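An overview of the molecular structure
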Amino acid sequence: MRVACFTAKTMLRFILRLLLLPWLLLLLSSVFSSASAKPAPFAMRISCGARQNVHTKPTNTLWFKDFAYTGGIPFNATRPSYISPPLQSLRYFPLSEGPENCYIINRVPRGHYSVRIFFGLLAQQNYDSEPLFDISVEGTQVTSLKSGWSSHDDETFAEALVFLKDSSVSICFHSTGHGDPAILSLEILQVDDKAYQLSQQSGQGIILRTVTRLSCGTGKPKFDVDYGGDHWGGDRFWNYIKTFGQSTDTARSTEASIKQASNPPNFYPAALYKNAIVGTSSQPDLEYTMDVDPNRNYSIWLHFAEIDSTVTGVGQRVFDILINGDTAFQDVDVIKMSGDRYAALVLNTTIAVSGRTLAITLRPKEGDHAIINAIEIFEVIMAELKTVPEEVKALQTLKKTLGLPVRLGWNGDPCVPQQHPWSGADCQFDRTSSKWVIDGLGLDNQGLKGFLPDGISKLHHLQSLNLSGNNIHGTIPYSLGTITSLEVLDLSLNSFNGSIPESLGQLTSLQRLNLNSNSLSGRVPAALGGRLLHRASFNFTDNHGLCGIPGLPTCGPHLTAAAKIGIAFGALLLFLLLVICSICCWKRRQNILRTQQLAAREAPYAKARTHLSQNIQMNRQHNHHAQSRTAAETGPILLS
């Protein structure tokens, strides 16, 4: 009986375990899948000039308000194209605020990003001109707007794929004298680090500027979000092209599911491969031609899927791909290379184009015609090497302390893009650090005020510094003498005071020093005076307090700064000692006077007490004499 009961219990436990096991496995798989799931990509969209966050239809996309990223002026916007985001405001940058203006966006995770900028037009009467300006991302110029851009849908925005390495992104707009830059929106969308990788290397020194993206066949311009594509794809814009030429091709489409489309690292939308252009029997070659800038490198990405119902197996459609007449891919068989019908295939190559035309030709070898679903073309740009960060910070400090005029700008990177360096700053490429450095500052007659900060010594590579003709006051910083590369130093016609720092005598490369027309005083450092013998050109005139070299007054006994401090400290101690002694003498005199006053008040009472004491003593003496005489007269008394 016990054995039967035990067997029944065992069987019940076994059955319960079998029933619970699938649920346990499902729970564990969900936990592990959620733990290993890739986080959502970073995405930031800014509605330029907006004072509040905005959501736009039909996708309810969030656009953040524009606050504390840049200067410029918010204004009402006119959208130049129906593909522009439906936003009501923009931000424009008048030339009076400087030729360079930048959006600086911080707290952006390091990684690979698609950066997109939409341009706008000011919404005001009698304003129909389109501004022309250049755009740079992270110090590299990516595009230059050309006349007529507002009339072409795919030219109303600029887009580039760039690696961000320092948790921030700078997007700058450079005036070219043809209107004020006006920006409708900014988008910073993270993509896979290996997206659009041109080789086995990471490509972090390369920026890909989007030239065009074409969806071939039927359709209309749209973004990935309308395709329902993966967010890691970067929300790309695809313009459609129905035909490459009149009566030379035909469109194809399918409703079948597409395999291998939205795969890492590029995550293309499956809908991209449901339309295609195919050749015809009368014109078997498919050829797409476009104008490009000469002497540039271009990366070409070609998309294929065999969606033609007449082609069912390997070898039925084979073609070569030529770019500008040169064979780039031979014997392309889409079914064979993708592994199946209705399966995506992507081919990529990078070429140098010397002329102004880029032609892509698909030439059939087996079958009557070729097929293509989509085309992407990028300009390959080598990312500019930035200026040494320490020197950029030093210039920004200089900008604040000297009150640099707004018209000079001084936003972004001082040396890159090379087409737009900062006004008043000279740059040189330092091969040791592989960065740009500042080797000259020419800010003479710019109305500068304030003082010269010690941080100017951070400009280690400075060879020339000209701040003449301004209204800079305060002392000449001692740290200036640590910039050993200085050859020219001109601080004339300012309001500098104090003495010339001894450290300037350490500038052995100095050839010209102008300190004239200031309020300097004291002895000219002996080391500077000795430099005159080495054909250096120095000017110390119009400083009434300077002395010590030929042409200046003779100095009296010269005291060092330490001696002056010692004398001042000694004089202070002597003064304090005199004050203390005076206080002590005054208190002693007060005590003496107080004692004398008390003595004068007590004098009458003291005299009275003295007389009383004398009278009492005299009475005692008189009584004693009287008693003595009485005893003598009566004689001794006998007792019986």
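Calculation notes
The residue numbering used here restarts from 1 in each chain and proceeds along that chain's sequence as written. Local features in a predicted model are, by the rule used here, given only for residues with pLDDT of at least 70; side-chain atom pairs are given and counted only at 80 or more, and totals for whole chains, interfaces and linings are based on all residues. For the side-chain quantities, the full set of heavy atoms in the structure was used; hydrogens and water were omitted. Under the scheme used here, helices are H or I runs from DSSP no shorter than 4 residues and strands are E runs no shorter than 2 residues, and both carry numbers assigned from the N terminus. Burial status follows relative accessibility: with a 1.4 Å probe on protein chains alone, a residue under 20% of its type maximum counts as buried, one over 50% as exposed, and anything between as partly exposed. The contact rule is simple, with two residues in contact once any of their heavy atoms fall within 4.5 Å. Shrake-Rupley sampling with a 1.4 Å probe provides the accessible areas, and residues are treated as covered by the protein chains on show and by no other component. What makes two strands pair is DSSP finding at least two bridges between them. Axis lines are fitted through C-alpha atoms, for helices just across the contact stretch, and the angle between N-to-C directions can take any value from 0 to 180 degrees. For Phe, Tyr and Trp, where Trp contributes only its six-membered ring, two rings pair if their centres lie within 6.5 Å, and the inter-plane angle classes them as stacked under 30 degrees, edge-to-face over 60, or tilted in between. Geometrically, a lysine NZ or arginine CZ counts as sitting over a ring once it is within 6 Å of the ring centre and also within 35 degrees of the ring normal. The pLDDT score gives, residue by residue, the confidence of the prediction method on a 0 to 100 scale. Definition used in this section: a nonpolar core is a set of buried Ala, Val, Leu, Ile, Met, Phe, Trp, Tyr and Cys residues joined via side-chain atoms within 4.5 Å. Cysteine sulfur pairs qualify as disulfides if the two atoms are within 2.5 Å. Here a polar contact is taken to be a pair of N or O atoms separated by no more than 3.5 Å, where protein atoms must pair a possible hydrogen donor with a possible acceptor and residues adjacent in sequence count only if both atoms sit in side chains. Any residue with relative accessible area above 30% and no salt bridge may belong to a patch, with like charges joined within 9 Å and the nonpolar Val, Leu, Ile, Met, Phe, Trp and Tyr side chains within 5 Å. Counted as salt bridges are all cases of a side-chain nitrogen of Lys or Arg within 4 Å of a carboxyl oxygen of Asp or Glu.

**A closer look at the overall build of the protein chain**
- Per the secondary structure count, the protein chain includes six helices and 36 strands.
- Burial status across the protein chain gives 44% buried among its 640 residues.
- Counted over contacts in the protein chain with a minimum sequence separation of 6, partners at least 24 positions apart contribute 71%.
- Counting every atom, the protein chain has about 34,500 Å² of accessible surface; 55% of that belongs to carbon and sulfur.

**Here we look at the sheet that holds strand β22 (residues 326-332)**
- The antiparallel open sheet is built from four strands, whose spatial order is β19-β24-β21-β22. Among the strands making up the open sheet, the edge pair consists of β19 (286-291) and β22. Sheet twist, expressed as the average angle between the axes of neighbouring strands with direction ignored, equals 15 degrees.
- Pairing between strand β21 (residues 318-323) and β22: four bridges, direction antiparallel. Counterpart to Leu 322 in the pairing with β22 is Thr 327.

**Some thoughts on the packing of aromatic side chains**
- Enumeration over the complete set of coordinates arrives at 22 aromatic pairs.
- When the ring of Phe 118 is compared with that of Phe 223, the centres are 6.4 Å apart and the planes differ by 55 degrees; the resulting orientation is tilted. Highlighted residues: Phe 118 in strand β7 (residues 111-119) and Phe 223 in strand β15 (residues 222-223), separated in sequence by 105 residues.
- Note on Trp 410 and Trp 422: the rings are 5.0 Å apart at their centroids and 20 degrees apart in plane angle, and the pair reads as stacked. Of this pair, Trp 410 sits in the loop between α4 (389-401) and β27 (425-430) while Trp 422 sits in the loop between α4 and β27; the two residues are 12 residues apart in sequence, bridging distant segments of the chain. For the pair Trp 410 and Trp 422, one class covers both residues: buried.
- Site record: aromatic cluster; members linked through ring pairs are Tyr 69, Phe 93, Tyr 103, Phe 119, Phe 133, Trp 149 and Phe 173.
- Here Arg 213 stacks its cationic end above the ring of Trp 238, 5.7 Å away from the centre of that ring.

**What about the side chain of Ser 47?**
- Examined against the element boundaries, Ser 47 turns out to sit in strand β1 (residues 43-47).
- Overall, the relative accessible area of 1% leaves Ser 47 in the buried class.
- Those residues in contact with Ser 47 that lie beyond four places of it in its chain are Val 54, Trp 63, Phe 64, Lys 65, Asp 66, Leu 87, Ser 89 and Leu 184.

**Some words on the confidence of the model for the protein chain**
- On average, residues of the protein chain score 86 in pLDDT, and 84% of them are at 70 or above.
- Per-residue pLDDT stays below 50 along residues 28-36; that stretch engages in zero contacts with residues further than four places along the chain or on separate chains.
- Predicted confidence for residues 630-640 stays below pLDDT 50, and this span has zero contacts to residues more than four positions away or in other chains.

**A few points about the nonpolar core**
- Within the largest apolar cluster, 54 residues are counted, with the highest numbers of intra-cluster contacts made by Phe 304, Ile 321 and Ile 375.
- With residues near it in sequence (within four places) discarded, Phe 304 still touches Tyr 273, Phe 319, Ile 321, Val 334, Ala 343, Ala 344, Leu 345, Leu 347, Leu 362, Ile 371, Ile 372 and Asn 373.
- Counting 45 residues, the second-largest nonpolar core is a separate cluster that includes Leu 448, Ile 472, Ile 500 and Leu 507.

**Here's the deal with the sheet that holds strand β28 (residues 435-442)**
- Taken together, six strands build an open sheet; the order of strands is β27-β28-β29-β31-β33-β35 and the sheet is mixed. Every interior strand has two partners, whereas the edge strands, β27 and β35 (537-539), have only one. Between one strand axis and the next, the sheet turns through 20 degrees on average, direction left out of account.
- Both strand β31 (residues 488-490) and strand β33 (residues 512-514) contribute to a ladder of three bridges, which runs parallel. In the sheet register, Asp 490 faces β33, and the bridge partner there is Asn 514.

**Description of the state of the cysteines**
- Under the definition given, this model contains three disulfides.
- Paired by a disulfide, Cys 102 and Cys 172 hold their sulfur atoms 2.0 Å apart. What sets the handedness of the Cys 102 and Cys 172 disulfide is the S-S torsion sign, and at about 105 degrees it is right-handed. Note that Cys 102 is positioned in strand β6 (residues 100-106) and Cys 172 in strand β12 (residues 168-178), a separation of 70 residues in sequence. Summarising the burial analysis for this pair, Cys 102 and Cys 172 share the class buried.

**Let's talk about the pairing of β6**
- With five of seven residues buried, β6 is to be regarded as a mostly interior element.
- Note that β6 and β12 share seven bridges and pair antiparallel. Counterpart to Ile 105 in the pairing with β12 is Val 169.

**Comments concerning unusual backbone geometry**
- Residue Lys 57 is joined to Pro 58 through a cis peptide bond whose omega torsion reads 0 degrees.
- Note on placement: Pro 58 falls in the loop between β2 (54-56) and β3 (61-63).
- With an omega of 0 degrees, the peptide bond running from Val 416 to Pro 417 counts as cis.
- Looking at the secondary structure, you find Pro 417 in the loop between α4 and β27.
- One non-glycine residue, Glu 138, adopts positive backbone phi at about 55 degrees.
- The phi torsion at Asp 331 lies on the positive side, around 50 degrees, for a residue other than glycine.

**A few points about the pairing of strand β24 (residues 357-366)**
- Note: β19 against β24, six bridges, orientation antiparallel. Opposite Asp 291, over in β24, you have Thr 357 as the bridge partner.
- Of the pairings in the sheet, the one linking β21 to β24 comprises six bridges and is antiparallel in character. Residue Leu 322 lies in a different strand from β24, and its bridge partner there is Thr 361.

**Here we look at the environment of Thr 349**
- Relative to the assigned elements, Thr 349 resides in strand β23 (residues 345-353).
- If near-sequence neighbours (up to four positions away) are discounted, Thr 349 is found in contact with Tyr 298, Ser 299, Ile 300, Ile 323, Ala 328 and Phe 329.

**Observations concerning the side chain of Thr 254**
- If you trace the backbone, Thr 254 turns up in the loop between β17 (249-253) and β18 (275-279).
- Since its relative accessible area comes to 12%, Thr 254 is described here as buried.
- Within the structure, Thr 254 has its side chain in polar contact with the backbone nitrogen of Ala 256 (distance 3.1 Å).
- The residues touching Thr 254, leaving out its near neighbours within four places in the chain, are Lys 274, Ile 307 and Tyr 342.

**With respect to a nonpolar patch on the surface**
- Residues Phe 569, Leu 572, Leu 573, Phe 575, Leu 576, Val 579 and Ile 583 make up a contiguous nonpolar surface patch of about 660 Å² in total accessible area.
- The residue Leu 572 is located in helix α6 (residues 561-634) in this model.

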